[in-house]
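Structural overview
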Amino acid sequence: MAEPDSLSRQCGADIRDRLIEAAVHEFGEQGYDRARVQDIARRAGLSTGAIYGNFRNKAELLAEAVDRGLAAAARRLVEALDRGAAPTDLLEMITTDLSDPRRQTWAPLVSEALAAARRDDEVARRVHAALRRAEAKLTDLVELAQQDGSLAPEVDSAACARLVLCVSLGGDVLTASGLEGPDRKAWTALVHRLFARLASARSSG
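Residues numbered from 1 in each chain as written. Predicted model: local features only at pLDDT ≥ 70, side-chain atom pairs only at ≥ 80, totals over all residues. Heavy atoms only, no water.

Turning to the environment of Leu 138, a few remarks are in order. Within the secondary structure, Leu 138 sits in helix 7 (residues 121–147). For Leu 138, a relative accessible area of 5% gives the class buried. On a C-alpha basis, the gap between Leu 138 and Ile 94 in space is 9.9 Å, while along the polypeptide they are 44 residues apart. Not counting residues up to four positions away in its chain, the partners in contact with Leu 138 are Leu 77, Leu 91, Ile 94, Ala 161, Val 164 and Leu 165. (Helix = DSSP H or I, 4+ residues; strand = E, 2+ residues; numbered from the N terminus. Buried < 20%, exposed > 50% of the residue type's maximum accessible area, 1.4 Å probe, protein only. Contact = heavy atoms within 4.5 Å.)

Inspection of the secondary structure assignment puts Thr 96 in helix 5 (residues 87–96). Only 2.8 Å separates the side chain of Thr 96 from the backbone oxygen of Glu 92, close enough to count as a polar contact. (Polar contact = N/O pair within 3.5 Å; in protein donor to acceptor, adjacent residues only side chain to side chain.)

Moving on: the packing of aromatic side chains. Tallying each qualifying case throughout the model produces 1 aromatic pair. On the numbers, 5.7 Å between centres and 45 degrees between planes, the contact of Phe 27 with Tyr 32 is tilted. Tyr 32 carries the same exposure label as Phe 27, and that label is buried. A cation over an aromatic ring shows up here: Lys 58 above the ring of Tyr 32, its NZ or CZ 4.6 Å from the ring centre. (Phe/Tyr/Trp six-rings, centres within 6.5 Å; stacked < 30°, edge-to-face > 60°. Lys NZ or Arg CZ within 6 Å of the ring centre and 35° of its normal.)

The next subject is the side chain of Thr 95. Structurally, the position occupied by Thr 95 is in helix 5. Given a relative accessible area of 5%, Thr 95 falls into the buried group. Those residues in contact with Thr 95 that sit more than four places away from it in its chain are Val 164, Val 167, Trp 187, Val 191 and Phe 195.

Judged by nonpolar contacts, the single largest core of 51 residues is most densely connected at Phe 27, Leu 62, Leu 91, Leu 109, Val 123 and Leu 138. Those elements giving two or more residues to this core turn out to be helix 1 (4–30), helix 2 (37–44), helix 4 (58–82), helix 5, helix 6 (101–117), helix 7, helix 8 (157–176) and helix 9 (184–197). In this structure Phe 27 touches Tyr 32, Ala 35, Ile 40, Lys 58, Leu 61, Leu 62, Leu 109 and Glu 112, once residues within four positions along its chain are discounted. (Core = buried A, V, L, I, M, F, W, Y, C linked by side-chain atoms within 4.5 Å.)

Time to look at helix 4. Look at helix 4: 36 Å from first C-alpha to last across 25 residues, which is about the 36 Å you get at 1.5 Å a residue. Measuring from the side-chain oxygen of the N-cap residue of helix 4 to the backbone nitrogen of Ala 59 gives 3.2 Å; that N-cap residue is Asn 57. (Expected span 1.5 Å × (residues − 1).)

Put simply, helix 4 and helix 5 touch, their axes get as near as 10 Å, and they point 145 degrees apart. Judged by the twist between their axes, the crossing of helix 4 over helix 5 is right-handed. Each of Leu 77, Ala 80 and Leu 81 in helix 4 lies in contact with helix 5, whose residues at this interface are Pro 87, Leu 90, Met 93 and Ile 94. Looking at side-chain class alone, the contact of helix 4 with helix 5 contains 7 nonpolar, no polar and no charged residues. (Axes fitted to C-alpha atoms, helices over the stretch in contact; angles between N-to-C directions. Left-handed = near helix turned anticlockwise from the far one by under 90°. Nonpolar A, V, L, I, M, F, W, Y, C, P; charged D, E, K, R; others polar.)

Turning our attention to the packing of helix 4 against helix 7. At their nearest, the axes of helix 4 and helix 7 sit 8 Å apart, and the two run at 10 degrees to each other. Compared by their axis directions, helix 4 and helix 7 come out roughly parallel. Between helix 4 and helix 7, the contacting residues are Ala 59, Glu 60, Leu 62, Ala 63, Glu 64, Asp 67, Leu 70, Ala 74, Leu 77 and Leu 81 on the first element and Val 123, Arg 126, Ala 130, Leu 131, Arg 133, Ala 134, Lys 137, Leu 138, Leu 141 and Leu 144 on the second. Counted by class, the contact of helix 4 with helix 7 contains 14 nonpolar, no polar and 6 charged residues. (Parallel < 35°, antiparallel > 145°, perpendicular 65-115°, else oblique.)

Below you can see the structure in the form of structure tokens.
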């Protein structure tokens, strides 16, 4: 039988999860500025007090939602590596998978967070920290690809990671704006050619 404080922690985590899930949809639909705390709480089936009992303000809720989303994406990369996926394949997937259904929910949230970060120091601090962690994971992925010989050792791992992050986030912003994506086959072929050029001399020669 679970201890009372353990059950309390579980309930607290469940409430936070419900609030973050509701916030993701509310921010995506209404935008950060128009989203109201009471509407987020209502969508989660909770009271406004539940929000202020778990988050200082709307800005922290937005930042936490982005942080969670990026952390979940990082976990999916690690799981894929554990299943035997090649690091280069994962880097290509990140830059080509513009049709992932998760993007339709995630893209507006990222777009709103990046805009809010320009006006709110707390959002900026949290979002920048989350992006730095995501970029560090991508840098690790590039270095793994260099270790297995699928990327040239002279490729700057940090610069390559920034390129992948820029393409991914840029895709999110454009998706959120409603701009139709490029032809998937042509886009995938272009990205594949890019990574082929970054391949090791041994592989290309």
